[in-house]
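# Structural overview
Listed here are the chains, written in short residue letters.
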Amino acid sequence: MAKPRELKRRIRSVQNTKKITKTMELVSTSKLKRAQDRVVGARPYAQALAEVIADLYSPELAERFPLLRQPTGGVKKAAVLLITSNRGLCGAFNANLIREARRRLQELEQTGTETELHLVGKKGIAFFRFTKRTPASQRIDIGDRPTPAHAVELVTPLMERFANGSLDAVDLVFAKFNSAVSTPPTTLRILPVTPPTAGRSDGRTVNYILKPSAEAILESLLPLYVRNQVFRALVETAAAEHGARRTAMKNATDAGSDMLDILQRTYNRARQGQITQELAEIVGGAEALKG
Amino acid sequence: MQVTIISAERSLFQGEADAVVAPAFDGQVGILPRHAPFMTLLGEGEVKLRQGGSETRFQVSGGFLQASANAVRIVTGTAVPSS
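Heads up: these notes are all about the structure in this document. (Residues numbered from 1 in each chain as written. Chains lettered and ligands numbered in written order. Predicted model: local features only at pLDDT ≥ 70, side-chain atom pairs only at ≥ 80, totals over all residues. Heavy atoms only, no water.)

## Topic: the overall build of chain B
Looking only at helices and strands, one finds 0 helices and 10 strands in chain B. Going residue by residue from the N terminus, the α and β elements of chain B occur as β-β-β-β-β-β-β-β-β-β. Against the globule reference of 12 Å for 83 residues, chain B gives a C-alpha radius of gyration of 11 Å, in line with a compact fold. For chain B, the spread of C-alpha atoms along the principal axes amounts to about 25 × 25 × 20 Å. Burial analysis of chain B (83 residues in total) assigns 49% to the buried set. Once local pairs closer than 6 in sequence are excluded, the contacts in chain B between residues at least 24 apart make up 44%. Carbon and sulfur atoms make up 48% of the accessible area of chain B, which totals about 3700 Å². Charge separation in chain B, taken as the distance between the mean sites of 6 positive and 7 negative side-chain charges, equals 5 Å. (Helix = DSSP H or I, 4+ residues; strand = E, 2+ residues; numbered from the N terminus. Rg over C-alpha atoms; globule rule 2.2 N^0.38 Å. Buried < 20%, exposed > 50% of the residue type's maximum accessible area, 1.4 Å probe, protein only. Contact = heavy atoms within 4.5 Å. Areas by Shrake-Rupley, 256 points an atom, 1.4 Å probe, with all protein chains shown as cover. Lys, Arg positive; Asp, Glu negative; His and termini not counted. Charge placed at Lys NZ, Arg CZ, Asp CG, Glu CD.)

This is the structure in structure tokens:
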């Protein structure tokens with residue numbers, strides 16, 4: 001049996017670790033709350049945009065917009081944009097995202113598509129550095145408070161290259177925020193744009209006066225739609241990260257408590273054993289002196 | 001009429017107004033209650049909402065304005081209240 005003093009030291013160490021994980025859990029909980037508000041706040045805009053595009057879009061218009069261009073002769077060159085977090089200690093969160101991205105890359109490469117990788121977040125960058133794959137672009141400055149400007153910076157070069165034909169598809173890999181406990185890694189094809197159909201009322205009930213024209217409005221709204229998809233992905237991934245971290249830290253705290261229970265019990269037994277032994281020795285010694 | 005102003009990050013304003021003046025792509029447009037269904041692209045500038053005697057202003061850029069069924073919806077990339 002281990003020495004009581006060593007046990008005592010382990011108990012202290014577990015206690016300290018538990019304090020840290022508990023605190024991280026609390027911090028993530030409050031950050032999650034705010035991140036969740038941002039996810040909810042971004043919804044009306046996305047919905048309004050999708051509604052209007054669904055309203056104005058008709059398949060006959062498709063050829064006129066570069067962002068809707070379906071690549072002729074299959075996808076030859078595709079970009080994958082992977083969003084991960086900058087920090088760890090959030091369970092399998094980043095591992096899941098990376099796995100999804102690799103799966104997607106493999107899928108594309110199997111069909112003979114040339115791929116390039118764009119990375120957001122230190123964790124994704126670190127992984128692909130390890131696999132010696134050079135990303136086409138990487139950035140770590142977005143953090144957990146993404147702004148629409150970040151999304152614009154990320155996606156504008158991709159949109160330009162898609163429009164001039166040097167890219168045939170852009171896939172976005174991010175964590176979809178269904179709820180704090182359900183954040184599945186998701187792949188979304190952002191280019192070519194799949195015009196939204198949700199929210200479309202059956203038949204056009206209202207005949208709008210459109211200025212300047214349906215085409216012109218669509219033309220300027222489609223880029224907004226693409227940017228907004230990226231923005232939402234950033235916001236959702238940020239929220240998902242905090243959710244994942246909270247769960248991971250809660251598990252760690254619980255595991256710490258279990259461990260402490262066992263250690264404490266072992267310690268008590270060891271201490272009692274020691275006392276019993278010492279008593280026996282004293283009694284034995286006294287008996288021996290009596291002769 | 002009911003007016004909503006939505007930016008990419010959040011919904012900024014929701015409420016009643018007697019008149020809306022917005023910077024459309026080619027100049028100012030004014031919307032009064034019971035306006036015909038109307039949709040226009042927005043440029044950059046100030047949206048003014050008149051409510052009784054008071055006026056609320058927002059600086060907006062891009063996006064669109066949609067007027068229908070006595071409701072106006074302004075959807076713009078960025079919107080900030082201006083004093």
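Once the structure has been displayed, the description carries forward.
## Remarks on the interface of chain B and chain A
Listed by partner, the interface residues are 22 residues for chain B and 24 residues for chain A. Broken down residue by residue, the surface that chain B buries against chain A is led by Glu9, Met39 and Leu41 of chain B, which jointly contribute 32%. At the junction of chain B and chain A, the tally comes to 1 salt bridge. For the salt bridge of arginine 73 of chain B with glutamate 51 of chain A, the shortest nitrogen-to-oxygen distance reads 3.1 Å. On the surface where chain B and chain A come into contact, there are 8 residue pairs in polar contact (both at pLDDT 80 or more). Elements with a contribution of two residues or more to the side of chain B that touches chain A: strand S1 (2-7), strand S5 (38-41), strand S8 (64-68) and strand S9 (71-76) of chain B. Among the residues forming the side of chain B that touches chain A, the class breakdown is 11 nonpolar, 8 polar and 3 charged. With 3 bridges joining them, strand S6 (residues 209-211) of chain A and S5 of chain B adopt parallel strand pairing. Bridge assignment links isoleucine 209 of chain A to a residue of S5 of chain B, and that residue is phenylalanine 38 of chain B. (Buried area = accessible area lost by both parts, 1.4 Å probe. Salt bridge = Lys/Arg side-chain N within 4 Å of Asp/Glu carboxyl O. Polar contact = N/O pair within 3.5 Å; in protein donor to acceptor, adjacent residues only side chain to side chain. Nonpolar A, V, L, I, M, F, W, Y, C, P; charged D, E, K, R; others polar. Pairing = 2+ DSSP bridges.)

## Here we look at the packing of helix H2 (residues 43-56) of chain A against helix H6 (residues 214-290) of chain A
Residues and elements named next belong to chain A. Contact geometry for H2 and H6: axes closest at 10 Å, N-to-C directions at 145 degrees. The crossing of H2 and H6 is left-handed. Between H2 and H6, the contacting residues are Arg43, Tyr45, Ala46, Leu49, Ala50, Val52, Ile53 and Leu56 on the first element and Ala214, Ile217, Leu218, Leu221, Leu222, Leu224, Tyr225, Asn228 and Arg232 on the second. Counted by class, the contact of H2 with H6 contains 14 nonpolar, 1 polar and 2 charged residues. (Axes fitted to C-alpha atoms, helices over the stretch in contact; angles between N-to-C directions. Left-handed = near helix turned anticlockwise from the far one by under 90°.)

## What about the packing of aromatic side chains?
A full pass over the atoms with the stated rule returns 2 aromatic pairs over all chains. The ring of tyrosine 267 of chain A has lysine 8 of chain A sitting right over it, with the charged end atom 4.9 Å from the ring centre. (Phe/Tyr/Trp six-rings, centres within 6.5 Å; stacked < 30°, edge-to-face > 60°. Lys NZ or Arg CZ within 6 Å of the ring centre and 35° of its normal.)

## Some details on the sheet that holds strand S7 (residues 54-61) of chain B
Residues and elements named next belong to chain B. Spatially, 5 strands are ordered S4-S3-S6-S7-S10 in an open sheet, and the strand pairing comes out antiparallel. Across the chains shown, the open sheet's two edge strands, defined by having one partner strand only, are strand S4 (27-31) and strand S10 (78-82). For this sheet, the mean inter-axis angle between neighbouring strands, taken without regard to orientation, is 20 degrees. Where S7 meets S10, 5 bridges bridge the pair, whose relative direction is antiparallel. Of the residues in S10, the one forming a bridge with phenylalanine 58 is proline 81.

## Things to note about the sheet that holds strand S3 (residues 137-139) of chain A
All names here are of chain A. Strand order in the open sheet formed by 5 strands is S3-S2-S1-S4-S5, and the pairing between neighbours is mixed. Every other strand in the sheet has two partners, leaving S3 and strand S5 (185-191) as the edge strands with one partner each. For this sheet the average axis-to-axis angle between neighbouring strands, irrespective of direction, equals 20 degrees. In the sheet, strand S1 (residues 77-83) pairs with strand S4 (residues 169-175) via 5 bridges, with the strands oriented parallel. Each bridged residue has a counterpart across the sheet, and for alanine 78 the counterpart in S4 is alanine 169.

## Topic: the environment of glutamate 6 of chain A
All names here are of chain A. Within the secondary structure, glutamate 6 is located in helix H1 (residues 4-41). By relative accessible area, glutamate 6 is classed as partly exposed at 42%. Taking the C-alpha atoms as reference points, glutamate 6 and tyrosine 267, 261 residues apart in sequence, are found 9.0 Å from one another.

## Quick notes on helix H4 (residues 122-130) of chain A
Residues spaced three or four apart along an α-helix point in a common direction, a consequence of the helix completing one turn every 3.6 residues. Residue and element names in this part refer to chain A. When we look at burial in H4, the residues that qualify are Gly124, Ile125 and Phe128. Buried residues of H4 fall within an arc of 100 degrees about the axis and therefore sit on the same side. Counted as exposed and oriented over 90 degrees from the buried face of H4: Arg129 and Phe130. On its buried face, H4 sits against S1, helix H3 (93-110), strand S2 (114-120) and S3. Positive backbone phi, at 60 degrees, marks lysine 132, one or two positions downstream of H4. (Arc of directions from axis to C-beta.)

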